[in-house]
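Observations on the three-dimensional arrangement
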Amino acid sequence: METTQQPGEPGAGERRRRELLEAADRVVLRDGPKASMNAIAAEAGITKPILYRHFGDKAGLYQALAVRHTDALLDSLRAALDAPAERRRRVESTLDTYLTAIEARPQVYRFLMHPAEDSQSPERGFDVGLHSAPLLRRLGEELAKVIGERVDLGPGGERLARVWGHGIVGMMHAAGDWWLGERPCDRADLVTGLTDLLWGRLATAGNREDGPGF
């Protein structure tokens, strides 16, 4: 009997794409930045041309994985920002959420943000440098939107919210990258230090009257 797809259910193509992304995730968790199309195709039990058919090329697969992980990270950051707590605690929680995410899956983080180092490999890793900057810009714009909606920054507030959003993301990325590589302190100590650095005007700015508050 022929089955009918119900509204809201993923189609066969979408399900297959999700399965391939899950196979790619398993390879990335194992190989980090050295993950290759050959290894991902083997993990999925298909040939490389079939993998290309679904994603176009390495860049297409990278972007699909990046969206998958960035969406999940943004959901976690929004939840931290929306938690019922005073403002400083929410700032700390948001920073801790980011650092916890990269600590929990360091190979995924390195895949998204660092190129493979083995230039002698017959198939080099993904050219991460071409794609990681847009991920950071997306995070910066999303954070700017949250700040702009919640905090009264006065005249020029929209522009300042974007300055803050991109500045905070840059700080989180640089500090998190350094911390993940060297582990110079506990995560809690890093969170406290970064919150102290941010706190300045953020501590005194009022909430927007037409926003959800922060």
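Predicted model, so just to flag it, every value in this text is computed and none were measured.

Below, the discussion takes up the packing of aromatic side chains. All told, the structure shown has one aromatic pair when counted by the stated rule. On the basis of an interplanar angle of 40 degrees and a centroid distance of 5.6 Å, the ring pair of Tyr62 and Phe111 is categorised as tilted. Of the two residues, Tyr62 is situated in helix 4 (residues 58-82) and Phe111 in helix 6 (residues 106-113); the sequence distance between them amounts to 49 residues. Of the residues examined, Tyr62 reaches a relative accessible area of 1% and is grouped as buried. Over the face of the ring belonging to Trp179 we find Arg183, whose NZ or CZ atom lies 4.6 Å from the ring centre.

Close contact between helix 1 (residues 12-31) and helix 6 brings their axes to 7 Å; oriented N to C, the two are set at 95 degrees. Taken as axis vectors, helix 1 and helix 6 run roughly perpendicular relative to one another. Where helix 1 approaches helix 6, its residues Val28, Leu29, Arg30 and Asp31 are matched on the opposing element by Gln107, Val108 and Phe111. Across the contact of helix 1 with helix 6, the residue classes tally to four nonpolar, one polar and two charged.

Counted according to the given criterion, the structure contains 16 salt bridges. Residues Arg16 and Glu19 are paired through a salt bridge, measuring 3.2 Å at the closest nitrogen-oxygen approach. In this pair, Arg16 and Glu19 are both assigned in helix 1, three residues apart and thus about one turn of the helix distant. The class of Arg16 is partly exposed, set by a relative accessible area of 28%. A salt bridge links Arg30 to Asp31; the nearest nitrogen and oxygen atoms lie 3.0 Å apart. The class for Arg30 is partly exposed, based on a relative accessible area of 48%. For Asp31, a relative accessible area of 23% gives the class partly exposed.

This part takes up the packing of helix 4 against helix 6. Describing two packed helices takes the angle between their axes plus the distance from one axis to the other. In contact at an axis separation of 11 Å, helix 4 and helix 6 are set at 130 degrees when each is read in the N-to-C sense. Relative to helix 6, the element helix 4 is oriented oblique. The two elements helix 4 and helix 6 meet at a crossing, and its hand is left-handed. Only Val108, Phe111 and Leu112 of helix 6 make contact with helix 4, whose side of the interface consists of Tyr62, Leu65, Ala66 and His69. Residue classes in the contact of helix 4 with helix 6 are distributed as six nonpolar, one polar and no charged.

With that out of the way, let us pick up the layout of surface pockets. Here the idea is plain: a probe the size of a water molecule rolls over the atoms and shows the empty space left. One number sums up the size of the largest pocket: a volume of about 350 Å³. Forming the boundary of the largest pocket are 16 residues, of which His69, Leu73, Ala101, Val108 and Leu112 lie nearest the centre. Elements that contribute at least two residues to the lining of the largest pocket include exactly helix 4, helix 5 (87-104), helix 6 and helix 7 (132-150). It is helix 4 that contributes the most residues to the lining of the largest pocket, five residues altogether. Of the residues contributing to the lining of the largest pocket, the split by class is twelve nonpolar, three polar and one charged. Here the second largest pocket is characterised by a volume of approximately 200 Å³. In terms of lining residues, the second largest pocket is bounded by 13 residues, among which Gly148, Gly157, Glu158, Ala161 and Arg208 are the most central. Only helix 7 and helix 8 (157-182) provide two or more residues apiece to the lining of the second largest pocket. For the lining of the second largest pocket, a count of residues per class yields four nonpolar, three polar and six charged.

Criteria and cut-off values
- Residues numbered from 1 in each chain as written.
- Predicted model: local features only at pLDDT ≥ 70, side-chain atom pairs only at ≥ 80, totals over all residues.
- Heavy atoms only, no water.
- Phe/Tyr/Trp six-rings, centres within 6.5 Å; stacked < 30°, edge-to-face > 60°.
- Helix = DSSP H or I, 4+ residues; strand = E, 2+ residues; numbered from the N terminus.
- Buried < 20%, exposed > 50% of the residue type's maximum accessible area, 1.4 Å probe, protein only.
- Lys NZ or Arg CZ within 6 Å of the ring centre and 35° of its normal.
- Axes fitted to C-alpha atoms, helices over the stretch in contact; angles between N-to-C directions.
- Parallel < 35°, antiparallel > 145°, perpendicular 65-115°, else oblique.
- Contact = heavy atoms within 4.5 Å.
- Nonpolar A, V, L, I, M, F, W, Y, C, P; charged D, E, K, R; others polar.
- Salt bridge = Lys/Arg side-chain N within 4 Å of Asp/Glu carboxyl O.
- Left-handed = near helix turned anticlockwise from the far one by under 90°.
- 1 Å grid on protein atoms, 1.4 Å probe; cavity = no way out; pocket = protein on both sides within 12 Å on 5 of 7 lines; lining within 4 Å.
- Points joined across faces, edges and corners; volume = space filled by probe spheres on them.

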